[in-house]
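Residues per chain, in single letters:
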Amino acid sequence: MKKMLLKVLTPLFLSIICGIICGRLVYGIYDKKLDIDLNGEKIYLIQSGAYSTYDKMVDHTLLSNYVYYEDNGLYKSIIGITENYDNIEKIKNTYDFDVIVKEYYSKDKELNDKIKEYDILITNTSDNKEIKKIISEVLALYKDKNTTLIEIDS
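An account of the accompanying structure is given in this report. (Residues numbered from 1 in each chain as written. Predicted model: local features only at pLDDT ≥ 70, side-chain atom pairs only at ≥ 80, totals over all residues. Heavy atoms only, no water.)

## Quick word on the overall build of the protein chain
Line of reasoning, step 1. Looking only at helices and strands, one finds 5 helices and 5 strands in the protein chain.
Line of reasoning, step 2. Its helices and strands in sequence order give the protein chain the pattern α-β-α-β-β-α-β-α-α-β, from N to C terminus.
Line of reasoning, step 3. Taken against the 2.2 N^0.38 rule, which gives 15 Å for 154 residues, the C-alpha radius of gyration of the protein chain at 25 Å runs more than 25% over that of a compact globule.
Line of reasoning, step 4. For the protein chain, the spread of C-alpha atoms along the three principal axes comes to 90 × 35 × 25 Å.
Line of reasoning, step 5. Evaluated residue by residue, the protein chain yields a buried proportion of 31% over its 154 residues.
Line of reasoning, step 6. The long-range share in the protein chain, meaning contacts at least 24 apart out of those at least 6 apart in sequence, stands at 73%.
Line of reasoning, step 7. With an accessible surface of roughly 10,700 Å², the protein chain has 57% of that area assigned to carbon and sulfur atoms.
Line of reasoning, step 8. In the protein chain, which carries 21 positive and 25 negative side-chain charges, the distance between the mean positions of the two groups comes to 12 Å. (Helix = DSSP H or I, 4+ residues; strand = E, 2+ residues; numbered from the N terminus. Rg over C-alpha atoms; globule rule 2.2 N^0.38 Å. Buried < 20%, exposed > 50% of the residue type's maximum accessible area, 1.4 Å probe, protein only. Contact = heavy atoms within 4.5 Å. Areas by Shrake-Rupley, 256 points an atom, 1.4 Å probe, with all protein chains shown as cover. Lys, Arg positive; Asp, Glu negative; His and termini not counted. Charge placed at Lys NZ, Arg CZ, Asp CG, Glu CD.)

Pasting the structure below:
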């Protein structure tokens, strides 16, 4: 009886130990990756439209200062960028047309820090000309950066 119990418990005990070791190893690998991936910020891109061709985008975008990108065959024109959700309404009200707000995730620390600085300036003013000037500076900064954003599905 003792031999039979030992034959059953030994593999069971070794399986549990192997499972704990493998589990800790895998968790350690993914925990480090998770820390690296989550060191970013949520930003909001304020988009004036999405167009099937570049020429249509140029013809229909009402502003001269915007940034665009191509996504799934559509050209999307961005007229504002912010991290502060409350500033979205200020930016929307600065322009007199409908906009689309999309949430993205940015891991570019330098860009995120600059956007925060500009957000403070937007928060502290109600002058539309000043807001447009600040937005232009943010767009110029974003245009100069070669950064990848990850869209957050809502």
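## Regarding the pattern of salt bridges
Line of reasoning, step 1. Throughout the structure, instances matching the rule amount to 6 salt bridges.
Line of reasoning, step 2. With a closest N to O distance of 3.2 Å, Lys76 and Asp71 form a salt bridge.
Line of reasoning, step 3. A relative accessible area of 21% means that Asp71 is categorised as partly exposed.
Line of reasoning, step 4. For Asp113, the salt bridge is made with Lys109, and the minimal N-O distance between the two is 3.3 Å. Residue Asp113 and its partner Lys109 are both found in helix H4 (residues 109-123); the two are separated by 4 residues, about one turn of the helix.
Line of reasoning, step 5. The class for Lys109 is exposed, based on a relative accessible area of 58%. (Salt bridge = Lys/Arg side-chain N within 4 Å of Asp/Glu carboxyl O.)

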